[in-house]
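So the chains spell out like this:
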Amino acid sequence: RGMLQSGALAGKSLKKKIYLSLLRSSGLVKHISWHATNTEEANDIRKIFGSHAKIITAGNIPRQPYDQPAATAKKQGALRLVYISLIAAKKNLLQLIELVNQSENISLDIYGPVKDTAYWQSCQPAIEASQGRVQYKGAVEPEQVQDTFCKYDASVLLTKGENFGHALYESLSVGRPVITSYFTPWNELEKKKAGWNLDIANDEACLQELASVCNMDTDVFAGYCKGAHQTALSYFAGSSGLDHYHAMFTK
């Protein structure tokens, strides 16, 4: 589930290196099979547990995209962003809040359960400094996620590592472009006119990209909404459903 990606391993890296080293040497994983959701995750597993690791790749089962996404209400010079995810260090929420605080006419609503209390507490001063432009809305039920995305211009998740990114897909599935890092399977977003990938190691570049999106007029932005929806439709059409999962338990 993305926990072996380089971005995910960077946090508390010494502890994780020791743990993984002990796990490999213990022999406990010698005869197990690994589930990867894509080729990139399979490669991450091999980097840690060796080229002979038994891996079965079975992609995530996505929700069906909306037939007709709601039209965007974005205005030029304004941008309403939404974050829907767990609140933990890997999701990189603090950097996002700080970027929003430095951006004009951008608001951010945060949804999701607090997984890491200490990390969430570190976010509080930045939220208070936003003067109301950043607000926490609590958790959202899974069946309400797609409708929640429809209320905003775009979704944002500057994560340090995702093996899939369900929230990113569900945003695309209702025609809402996504702003994310390069540490997910959803890359080349701007080429597809489905969103934007940001270099989270470069705050200045991130601020410039956010300002560019904010300044888009309704017609140009609507093209990105269309591209987002098309990207989700293409992924859904190519998904294999339960076939690979059946294979996982019959080999």
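Each remark here, short or long, concerns the structure printed above.
In this report, the structure presented in the accompanying data block is examined. None of these values were measured; they are calculated from a predicted model.

## Points about the overall build of the protein chain
Thinking step 1. Scanning the protein chain for helices and strands turns up 10 helices and eight strands.
Thinking step 2. For 251 residues, the compact-globule formula gives about 18 Å, and the C-alpha radius of gyration of the protein chain, at 19 Å, lands near that figure.
Thinking step 3. When its C-alpha atoms are laid out on the principal axes, the protein chain stretches across 55 × 40 × 30 Å.
Thinking step 4. Relative to its full complement of 251 residues, the protein chain shows a buried share of 48%.

## Side note on the nonpolar core
Thinking step 1. The biggest cluster of nonpolar side chains holds 45 residues, and the ones touching the most others in it are Leu81, Leu93, Ile97, Leu108 and Ile110.
Thinking step 2. The contact partners of isoleucine 110, leaving out residues within four places of it in the chain, are Tyr83, Ile87, Leu93, Ile97, Ile127, Val134, Gln135, Tyr136, Lys137 and Gly138.
Thinking step 3. Counting residues in each nonpolar core, the second largest holds 13 residues, with Leu20, Trp34, Ala36 and Ile55 among its members.

## Things to note about the layout of surface pockets
Thinking step 1. The calculated volume of the largest pocket comes to roughly 910 Å³.
Thinking step 2. In this structure, the largest pocket is lined by 33 residues; those nearest its centre are Leu86, Ala88, Lys90, Lys91 and Lys115.
Thinking step 3. Counting only elements with at least two residues in the lining of the largest pocket, the list comes to helix H1 (6-10), helix H2 (13-26) and helix H7 (166-173).
Thinking step 4. Residue composition of the lining of the largest pocket, grouped by class: 14 nonpolar, seven polar and 12 charged.

## What to know about the environment of serine 239
Thinking step 1. Mapping serine 239 onto the fold places it in the loop between helix H9 (218-238) and helix H10 (243-248).
Thinking step 2. Measuring from C-alpha to C-alpha, the distance between serine 239 and proline 62 comes to 7.9 Å, with 177 residues separating the pair along the chain.

## Some thoughts on helix H4 (residues 93-101)
Thinking step 1. Residues of H4 that are buried include every one of Leu93, Gln95, Leu96, Ile97, Leu99 and Val100, and no others.
Thinking step 2. Structurally, H4 contributes buried residues whose contacts are with strand E3 (79-84), strand E4 (106-111), helix H5 (117-129), strand E5 (134-136), strand E6 (154-157) and helix H8 (203-214).

## Comments concerning empty space enclosed by the protein
Thinking step 1. Throughout the structure, instances matching the rule amount to one cavity of 30 Å³ or more.
Thinking step 2. Taken as a whole, the largest cavity holds about 40 Å³ of empty space.
Thinking step 3. As for the largest cavity, its lining consists of Val82, Tyr83, Ile84, Phe149, Ser155, Val156, Leu157, Ala167 and Leu168.
Thinking step 4. Those elements that place two or more of their residues in the lining of the largest cavity are E3, E6 and H7.
Thinking step 5. Looking at side-chain class alone, the lining of the largest cavity contains eight nonpolar, one polar and no charged residues.

## Details of the sheet that holds E4
Thinking step 1. Within the open sheet, the six strands sit side by side as E5-E4-E3-E6-E7-E8. Their pairing is parallel. A single partner strand is all that each edge strand has here, and the edge strands are E5 and strand E8 (195-197). For this sheet, the mean angle separating the axes of adjacent strands, direction not counted, is 20 degrees.
Thinking step 2. Where strand E7 (residues 178-180) meets E8, three bridges bridge the pair, whose relative direction is parallel. Across the sheet, residue valine 178 finds its bridge partner in E8, namely glycine 195.
Thinking step 3. In the packing of H7 onto the sheet, contacts are made with E3, E6 and E7, and the angle to E7 comes to roughly 155 degrees.
Thinking step 4. Seen against the sheet, H8 touches E3, E4, E7 and E8 and runs at an angle of roughly 120 degrees to E3.

Conventions adopted
- Residues numbered from 1 in each chain as written.
- Predicted model: local features only at pLDDT ≥ 70, side-chain atom pairs only at ≥ 80, totals over all residues.
- Heavy atoms only, no water.
- Helix = DSSP H or I, 4+ residues; strand = E, 2+ residues; numbered from the N terminus.
- Rg over C-alpha atoms; globule rule 2.2 N^0.38 Å.
- Buried < 20%, exposed > 50% of the residue type's maximum accessible area, 1.4 Å probe, protein only.
- Core = buried A, V, L, I, M, F, W, Y, C linked by side-chain atoms within 4.5 Å.
- Contact = heavy atoms within 4.5 Å.
- 1 Å grid on protein atoms, 1.4 Å probe; cavity = no way out; pocket = protein on both sides within 12 Å on 5 of 7 lines; lining within 4 Å.
- Points joined across faces, edges and corners; volume = space filled by probe spheres on them.
- Nonpolar A, V, L, I, M, F, W, Y, C, P; charged D, E, K, R; others polar.
- Pairing = 2+ DSSP bridges.
- Axes fitted to C-alpha atoms, helices over the stretch in contact; angles between N-to-C directions.

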